[in-house]
Amino acid sequence: MIITPQDSEADGTAALLLAAARNNAEWVAAVCRDGAFSGSVWSSARRTPPLYPDAVSLTPRASAAEVVAGIDTGSPGCSVKDSFAVLDLAPAGFEVLFEARWIHRPAGPPGAVDDVAAGDVRWSEVRTAAELEAWEAAWGGGAGTGLFRAELLARDLVFLAGRSGGRIVAGAVASAGGGVVGVSNLFTADAADAADTADAADGPDTADGSAGSVAAVDAAWAAVLGAVAARWPGLPVVGYEQGADLDAAVRAGFTPIGPLRVWLHTA
């Protein structure tokens, strides 16, 4: 099923938000391997890898009790993605880690990017375990940890790599599900280097990972959207961003459609 607004703009946005939340939860589930979908929640009883939530709400009707019931709040780092920014998890010992906006772009090719902005970066799909390891190292700014397993390459998702001089300098993940294509983990080498510098100067969580070359980020979005349009023609594109990353997505043709909130267990 392709999600398109039909009855009203509000109904269309609500449908897109549900599709975006489901799509993102399916990506999280694929990375984490454990966990299960139950009613209005996906959750994992075993602690998930760093940067990935232990639970994701799938509808705005999900209750705090439902979300927390199936996760391990006794282990450090437990987190919840409140996909509709409606939950109050403070009584359960959580604090808001960050807020972001879901984004949507209708199906279609990207806008034009001039050759200077694109540079000599050439894009292709990651196809082997060795390429995936190199992709993860570029994404993480160091050695790979095995977070992204080779089995992911057999699913209805792609790791996209932008290469220059034989080195991966940009990338993203695109995954189909819920009637949409979700784009996540978009990075450029310039942005990652800038984020590392800001982290060292100001401490964690102060950089939004998008302080690098605006032209490089815009070119990356154009390449990723072109690959998505070629592989899944007709499907709208969703994701979530914040700060300067959100500004870049808007320049690429996305529209913010609703808030989300990530909670971290601290008590």
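Look up a bit, the structure's there.
Nothing here was measured: the structure is a model prediction, and the numbers come from that model. (Residues numbered from 1 in each chain as written. Predicted model: local features only at pLDDT ≥ 70, side-chain atom pairs only at ≥ 80, totals over all residues. Heavy atoms only, no water.)

A. Inspection of the sheet that holds strand β9 (residues 180–188) at higher detail. The strand order across the open sheet built from eleven strands is β1-β2-β3-β4-β11-β5-β10-β9-β8-β7-β6, with neighbouring strands paired in mixed fashion. Whereas interior strands pair on both sides, the edge strands pair on one side only; in this sheet they are β1 (36–38) and β6 (122–125). Ignoring which end each strand starts from, the neighbouring axes of this sheet average 25° apart. The sheet contact formed by strand β7 (residues 157–164) and strand β8 (residues 167–177) spans eight bridges and is antiparallel. For L160, the partnering residue across the bridge sits in β8 and is A172. Here helix α6 (residues 214–231) sits on the sheet in contact with β5 (94–105), β6, β7, β8, β9 and β10 (237–241), set at roughly 150° to β9. (Pairing = 2+ DSSP bridges. Helix = DSSP H or I, 4+ residues; strand = E, 2+ residues; numbered from the N terminus. Axes fitted to C-alpha atoms, helices over the stretch in contact; angles between N-to-C directions. Contact = heavy atoms within 4.5 Å.)

B. Up close: the pairing of β7. Extensive coverage of β7 is indicated by the burial of eight of its eight residues. Residues L157, F159, A161 and R163 point to one face of β7 and V158, L160, G162 and S164 to the other, with burial holding for every one of them. In this sheet, β7 lies alongside β6 in antiparallel orientation, the contact comprising four bridges. Across the sheet, residue S124 finds its bridge partner in β7, namely A161. The turn joining β7 and β8, which pair antiparallel and follow one another in sequence, is formed by two residues; a positive phi near 60° is taken by G165. (Buried < 20%, exposed > 50% of the residue type's maximum accessible area, 1.4 Å probe, protein only.)

C. Up close: the nonpolar core. Ranked by size, the top nonpolar core spans 23 residues in total, and within it W27, W42, Y52, W135, F148 and F159 carry the most contacts. Counting only elements with at least two residues in this core, the list comes to α1 (9–32), α4 (129–140), β7 and β8. Among the elements that take part in this core, α1 stands out by supplying seven residues, more than any other. Beyond its immediate stretch of four places on either side in the chain, W135 contacts V126, F148, F159, L160, A161, I168, G171, A172, V173, N185 and F187. Formed by 21 residues, the second largest nonpolar core is a distinct cluster that contains I103, L160, W221 and L246. (Core = buried A, V, L, I, M, F, W, Y, C linked by side-chain atoms within 4.5 Å.)

D. Representation of unusual backbone geometry in the model. Even without a glycine there, the phi angle at R33 is positive, about 70°. Within the fold, R33 resides in the loop between α1 and β1. On the basis of relative accessible area, R33 is assigned to the exposed category, the value being 58%. Phi angles above zero are rare outside glycine, and L51 is one such case at about 80°.

E. Local environment of the pairing of β8. A large share of β8 lies buried, amounting to ten of its eleven residues. Alignment of β8 against β9, held across seven bridges, turns out to be antiparallel. The residue bridging A176 from the neighbouring strand is V181, located in β9.

F. A look at the pattern of salt bridges. Inspection of every chain in the model, using the stated rule, returns nine salt bridges. Its salt-bridge partner being E99, residue R261 comes within 2.8 Å of it at the nearest N-O pair. Here E99 lies in strand β5 and R261 lies in strand β11 (residues 255–265), a separation of 162 residues in the sequence. With its nearest N and O atoms 3.0 Å apart, the salt bridge here joins R163 to E131. (Salt bridge = Lys/Arg side-chain N within 4 Å of Asp/Glu carboxyl O.)

G. Broad picture of the packing of aromatic side chains. For the structure on display, the rule yields eleven aromatic pairs. For the ring pair W135 and F148, a centre distance of 5.7 Å and an interplane angle of 80° mean the geometry is edge-to-face. One end of the pair, W135, is in helix α4; the other, F148, is in the loop between α4 and β7, and 13 residues separate them in sequence. Assigned by exposure class, W135 and F148 land together as buried. An aromatic cluster is defined as three or more aromatic residues linked by ring pairs; in this entry it consists of W27, Y52, W135, W139, F148, F159 and F187. Note that R22 overlies the ring of F37, its terminal NZ or CZ placed 4.0 Å from the centroid. (Phe/Tyr/Trp six-rings, centres within 6.5 Å; stacked < 30°, edge-to-face > 60°. Lys NZ or Arg CZ within 6 Å of the ring centre and 35° of its normal.)

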